[in-house]
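# Analysis of the macromolecular model
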Amino acid sequence: MIENKEVMAKNIRKYMEINGVNATEICNALNFKHNTFSNWINAKIYPRIDKIEMLANFFGVSKAALVEDSDNIVLSSKEEKLIVGYRESDET
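What counts and what doesn't
- Residues numbered from 1 in each chain as written.
- Predicted model: local features only at pLDDT ≥ 70, side-chain atom pairs only at ≥ 80, totals over all residues.
- Heavy atoms only, no water.
- Helix = DSSP H or I, 4+ residues; strand = E, 2+ residues; numbered from the N terminus.
- Buried < 20%, exposed > 50% of the residue type's maximum accessible area, 1.4 Å probe, protein only.
- Contact = heavy atoms within 4.5 Å.
- Areas by Shrake-Rupley, 256 points an atom, 1.4 Å probe, with all protein chains shown as cover.
- Polar contact = N/O pair within 3.5 Å; in protein donor to acceptor, adjacent residues only side chain to side chain.

## Overview of the overall build of the protein
When you go through the protein residue by residue, the secondary structure sums to 6 helices and 0 strands. For the protein, the N- to C-terminal ordering of α and β elements is α-α-α-α-α-α. Buried residues in the protein amount to 25% of all 92 residues. Taking contacts inside the protein between residues at least 6 apart in sequence as the whole, the part at least 24 apart equals 59%. Accessible surface computed for the protein: about 6,600 Å², of which carbon and sulfur atoms make up 49%.

## So, the environment of Asn-11
If you trace the backbone, Asn-11 turns up in helix H1 (residues 4-19). Distance in space between the C-alpha atoms of Asn-11 and Leu-66 is 5.4 Å, their sequence separation being 55 residues. Here the side chain of Asn-11 touches Ala-65 through a polar contact of 3.3 Å, landing on its backbone oxygen.

Structure, rendered in structure tokens:
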């Protein structure tokens, strides 16, 4: 079973990639210490809830999206079609 801090690290890295931001940009925007943020994304430590909320707001996602293992989320075919349709419409 994957540990909570590993799930969190994976999700932060995922949303960094999706949003095209790097650690320096996030640390500057949210006034995080670089070493602390590095420890979060390398699954060495788990952030406090206030920092999770700041990250969630930064990425425009729920706190659950950061702390829960998204690999366990199962989408219906209708939900998958909606996501694909949205992504395709956003590319134009």
